[in-house]
Amino acid sequence: MKYISTRGQAPELTFEEAMLTGLARDGGLYVPAEIPQMSKGDIAALAGLSYEETAFRVMWPFVSDSFTEEEFRGCITRAYADFGHAARAPMVQLAPNHFLLELFHGPTLAFKDFAMQLIGQLFQVALKRRGETVTIVGATSGDTGSAAIEAFRGLDAVNVFILYPHGRVSEVQRRQMTTPDDSNVHALAVDGDFDDCQARVKDMFNDFEFRDGVKLAGVNSINFARVLAQVVYYFYSAVALGAPEREVSFTVPTGNFGDIFAGFIAKQMGLPIDRLVVATNQNDILHRCLSGQGYFKGDTIPSISPSMDIQVSSNFERALFYAYGRDGAAVAQLMDELGQGGFNVSQGAMQALSEAYDSGRCSEDETLATIKAQTAASGELLCPHSAVGVKVADEVRNTTAMVTLATAHPAKFPAAVEKASGMHPPLPPRMADLYDRPERVTRIGSDLATLEDHIRKTIAN
Ligand SMILES: *Cc1c(COP(=O)(O)O)cnc(C)c1O
């Protein structure tokens, strides 16, 4: 299986090369040249399988050129061994026909662990085989960073630098990034917002001298390996609810569009998904765009669901690539216009987007009200991101079974959850001493030269 860039100008790569590279050299994102198909029979055969076996069967056609079956199975087993729930991604029921897929039982209590734990294992196997080391730089609005640090800590072929916006992540998120004491992981508190952090990571990838000098690799949600790992739980949950015989819809709390795009891939592979619903908080550029108002940047307004406080949604480029009939030149043109502030989507592409996705927005007050109402209605304590999803799902729900993705554990966002519900969500026992561990972090400016200099010096030591 070859991987191609959404902007059509970068070399085709294997899965392993695309995974180790992250961003394509033409500034685009890698996608598979074709999407493997699963027949009705293949999907029916997933019934009753473990998460790990489901993961192997769903992902294998995407990676089989790059790993042996034994290597890949080993990576999957190790990736999910530390999860705090035997089902890995268990479902609970909120209401008749409405289900919550709990994706927060990994080591950092957010869904990003599903992809990051696997990518850590895949990097380790691939780099060991090649005898190489890499520098991973990632931007985070909170959850990606801790998930990356947990996934790569202690792996000596990898140095990890995580840029997060100073003062704009929750205390639990910050401590999860600053308390691991392994010498290969580094938390950088950047003076700026998430879009600044994300833009600097992109700048580093476009600075080929720096990129080649430190052997830069990316694990942000632009990395197709991350999207791929997330495809699995769409199959796992849909099959548990009766797929392929029964259609299922999904509502996904969305920021960078990685998680919902994984749902799009699952549907293209043959999973009978009715609607894919994008749920945004007050930073609603995606909802505005999917409502036909064009894709124009505003200012990011900090919210109680900070992992979705995003204006430029990096994986949306992949959605546009398919909506524009895989026309890389058209995507490159749109991304140029985005640099000037934004773009309007053509009529044909708009139609393709509305066939693929629905969307909704949830205000701060509605988020709090949903947490409160859900505690009364089902006893489920939702994190603010998951609450955004549940609110939007309730607006669009019809007779098809709806699965809302619960993207983080409520204990990651105790202040908002307590304000809404009056209940303090405790950390799971395995993390109870998080507030007592010493922190290690570098506060740093947001300009490219300062950041590159710091990274070069740190790895030279
Ligand atoms: C990252 C994150 C999101 C957004 O996911 P995307 O793949 O970026 O759309 C939502 N909720 C939580 C808790 C997250 O960490």
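Residues numbered from 1 in each chain as written. Predicted model: local features only at pLDDT ≥ 70, side-chain atom pairs only at ≥ 80, totals over all residues. Heavy atoms only, no water.

### Considerations on the UniProt feature "domain: Tryptophan synthase beta chain-like PALP" (unreviewed entry) in the protein
Next, step 1: With numbering aligned to this structure, UniProt lists the feature "domain: Tryptophan synthase beta chain-like PALP" (unreviewed entry) at residues 101–335.
Next, step 2: Spanning residues 101–335, this segment combines 47% helix with 17% strand, and its end C-alpha atoms are found 33 Å apart. (UniProt positions renumbered as here; feature names shortened; annotations may be inferred. Helix = DSSP H or I, 4+ residues; strand = E, 2+ residues; numbered from the N terminus.)

### A closer look at empty space enclosed by the protein
Next, step 1: Taken as a whole and judged by the stated rule, the model has three cavities of 30 Å³ or more.
Next, step 2: Here the largest cavity is characterised by a volume of approximately 270 Å³.
Next, step 3: Forming the boundary of the largest cavity are 27 residues, of which Phe111, Lys112, Gly255, Asn256 and Ser307 lie nearest the centre.
Next, step 4: Those elements giving two or more residues to the lining of the largest cavity turn out to be helix H6 (143–152), helix H10 (224–240), strand E9 (248–253) and helix H11 (258–269).
Next, step 5: Ranked by the residues each element gives to the lining of the largest cavity, the list is headed by H11, at three residues.
Next, step 6: Taken together, the residues that form the lining of the largest cavity break down as ten nonpolar, 13 polar and four charged.
Next, step 7: Its volume calculated, the second largest cavity comes out at about 60 Å³.
Next, step 8: Lining the second largest cavity are Leu23, Gln198, Val201, Lys202, Phe205, Asn220, Ile222 and Ser314.
Next, step 9: In the lining of the second largest cavity, the residues fall into four nonpolar, three polar and one charged. (1 Å grid on protein atoms, 1.4 Å probe; cavity = no way out; pocket = protein on both sides within 12 Å on 5 of 7 lines; lining within 4 Å. Points joined across faces, edges and corners; volume = space filled by probe spheres on them. Nonpolar A, V, L, I, M, F, W, Y, C, P; charged D, E, K, R; others polar.)

### Some details on the site of the ligand
Next, step 1: In the neighbourhood of the ligand, 15 residues make up the surrounding shell, with Lys112, Asp143, Gly255, Asn256 and Thr407 lying closest.
Next, step 2: Within the backbone of Gly255, an N or O atom sits 2.8 Å from an oxygen atom of the ligand.
Next, step 3: Surface burial for the ligand is 97%, taken as the share of its 380 Å² of free accessible area covered by protein chains.
Next, step 4: Judged by its atoms lying within 2 Å of the grid points, the ligand is housed in the largest cavity.
Next, step 5: When grouped by side-chain class, the residues that make up the shell around the ligand number five nonpolar, seven polar and three charged. (Near = heavy atom within 4 Å. Polar contact = N/O pair within 3.5 Å; in protein donor to acceptor, adjacent residues only side chain to side chain. Areas by Shrake-Rupley, 256 points an atom, 1.4 Å probe, with all protein chains shown as cover. Sits in = over half its atoms within 2 Å of the grid points.)

### So, the nonpolar core
Note that soluble globular proteins tend to have their nonpolar side chains buried in a common cluster.
Next, step 1: Core analysis: the biggest nonpolar cluster contains 121 residues, and Phe123, Tyr234 and Tyr357 have the highest contact counts within it.
Next, step 2: Looking at which element gives the most residues to this core, the answer is H10, with 13 residues.
Next, step 3: Beyond its immediate stretch of four places on either side in the chain, Tyr234 contacts Phe250, Val252, Asp259, Ile260, Ala262, Gly263, Ala266, Leu271, Ile273, Leu276 and Leu405.
Next, step 4: Core analysis: the next-biggest nonpolar cluster, separate from the first, contains 21 residues, Leu29, Val214, Ile222 and Ile455 among them. (Core = buried A, V, L, I, M, F, W, Y, C linked by side-chain atoms within 4.5 Å. Buried < 20%, exposed > 50% of the residue type's maximum accessible area, 1.4 Å probe, protein only. Contact = heavy atoms within 4.5 Å.)

### What to know about the side chain of Asp182
Next, step 1: Turning to its location among the elements, Asp182 is positioned in the loop between helix H7 (171–178) and strand E7 (185–190).
Next, step 2: Residue class for Asp182 comes out buried when judged on its relative accessible area of 19%.
Next, step 3: Apart from the residues within four sequence positions on either side, Asp182 is in contact with Arg153, Gly154 and Arg440.

### A look at the sheet that holds strand E4 (residues 98–102)
Next, step 1: Across the sheet, six strands lie side by side as E3-E4-E14-E9-E10-E13; this open sheet has mixed pairing. Of all strands in the sheet, those bounded by a partner on one side alone are strand E3 (91–95) and strand E13 (357–361). Averaged over all pairs of adjacent strands, the angle between their axes in this sheet comes to 25°, without regard to strand direction.
Next, step 2: Both E9 and strand E10 (residues 273–280) contribute to a ladder of five bridges, which runs parallel. (Pairing = 2+ DSSP bridges. Axes fitted to C-alpha atoms, helices over the stretch in contact; angles between N-to-C directions.)

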